[in-house]
Amino acid sequence: MKSTEAHLYLNDKPVGAIAASHADNSWTFGEFTPSDSFTEFAPLFGQWSLLVHADDDDAPLSTAAAEELRSTEQALHRINARIFIPATGEWRELAAVNIDGSMIEWKEV
């Protein structure tokens with residue numbers, strides 16, 4: 001990203017501000033500050049976060065939890081995610097976006 005400040009839109013709704021910090025391969029990472037309109041999407045991202053961190057003890061996910069994670073990720077991929085960069089006036093289409101607390105990571109199309 002040329003600018004470190006951006007705005008996240010999900011299904012054409014402005015849902016928060018992003019302060020990009022760094023990129024690694026095809027992913028960009030930063031801090032996310034949600035707006036009130038993020039509450040519509042928060043449960044889905046929260047569910048994803050819980051499932052992703054469920055295996056922190058190095059035990060494999062159960063079959064049921066793995067299926068729930070797959071279903072949650074499919075729902076996240078159905079969201080139309082875009083980033084607007086005010087400094088340049090650019091819109092960036094996202095192939096994937098993950099929000100975990102105040103951390104955000106995304107991959108552009």
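Residues numbered from 1 in each chain as written. Predicted model: local features only at pLDDT ≥ 70, side-chain atom pairs only at ≥ 80, totals over all residues. Heavy atoms only, no water.

**Student:** Help me understand the environment of Leu76, please; the structure alone is not making it clear to me.
**Tutor:** Inspection of the secondary structure assignment puts Leu76 in helix α2 (residues 63–77). The class of Leu76 is buried, set by a relative accessible area of 7%. (Helix = DSSP H or I, 4+ residues; strand = E, 2+ residues; numbered from the N terminus. Buried < 20%, exposed > 50% of the residue type's maximum accessible area, 1.4 Å probe, protein only.)

**Student:** I keep staring at unusual backbone geometry and nothing clicks. Help me out?
**Tutor:** Glycine aside, negative phi is the norm for most residues, and most peptide bonds take the trans geometry. Unlike most non-glycine residues, Asp12 shows phi in positive territory, near 70°. Take Asp12: it is sitting in the loop between β1 (5–10) and β2 (13–24). At Asn25, a position not held by glycine, the phi torsion is positive, near 55°.

**Student:** Help me understand helix α1 (residues 42–52) in this model?
**Tutor:** Along an α-helix, residues three or four apart share an orientation, since each turn contains 3.6 residues. For α1, the full list of buried residues reads Phe45, Trp48, Ser49 and Leu51. Around the axis of α1, the buried residues are gathered within 170° of arc, so they sit on the same side. Of the exposed residues in α1, the ones pointing more than 90 degrees away from its buried face are Pro43 and Leu50. (Arc of directions from axis to C-beta.)

**Student:** Would you mind showing me how to read the sheet that holds β1 here?
**Tutor:** One key point about sheets: their strands pair by backbone hydrogen bonds, in either a parallel or an antiparallel sense. In spatial order, the strands read β1-β2-β3-β6-β5-β4; together these 6 strands close into a barrel with antiparallel pairing. With strand direction ignored, the average angle separating the axes of adjacent strands in the sheet is 45°. Judged from the 4 bridges that link them, β1 and strand β4 (residues 81–85) form a sheet pairing that is antiparallel. The partner of Tyr9 across the bridge, within β4, is Arg82. Sitting on the sheet, α1 touches β1, β5 (90–100) and β6 (103–108), and the angle it makes with β5 is about 50°. (Pairing = 2+ DSSP bridges. Axes fitted to C-alpha atoms, helices over the stretch in contact; angles between N-to-C directions. Contact = heavy atoms within 4.5 Å.)

**Student:** What exactly am I supposed to notice about the environment of Asn80 here?
**Tutor:** Summarising the element assignment, Asn80 is placed in the loop between α2 and β4. Along the backbone, Asn80 and Asp12 are 68 residues apart, and their C-alpha atoms lie at a distance of 7.3 Å. Excluding residues within four positions of it along the chain, Asn80 makes contact with Tyr9, Leu10, Asn11, Asp12 and Glu93.

**Student:** Mind showing me how you'd approach the pattern of salt bridges here?
**Tutor:** As a working rule, side chains carrying opposite charge can pair if their charged atoms are close by. For the structure shown, the criterion picks out 5 salt bridges. Here Glu67 and Arg70 are joined by a salt bridge, their closest N and O atoms 3.0 Å apart. One end of the pair is Glu67 and the other is Arg70, both in helix α2 and 3 residues apart, which spans about a single turn. A residue is classified by how much of its surface remains accessible, and Glu67, at 42% relative accessible area, is partly exposed. Among the salt bridges present, the one from Arg92 reaches Glu90, with a minimum N-O distance of 3.3 Å. Through salt bridges with shared partners, a single ionic network connects Glu90, Arg92 and Glu108. (Salt bridge = Lys/Arg side-chain N within 4 Å of Asp/Glu carboxyl O.)

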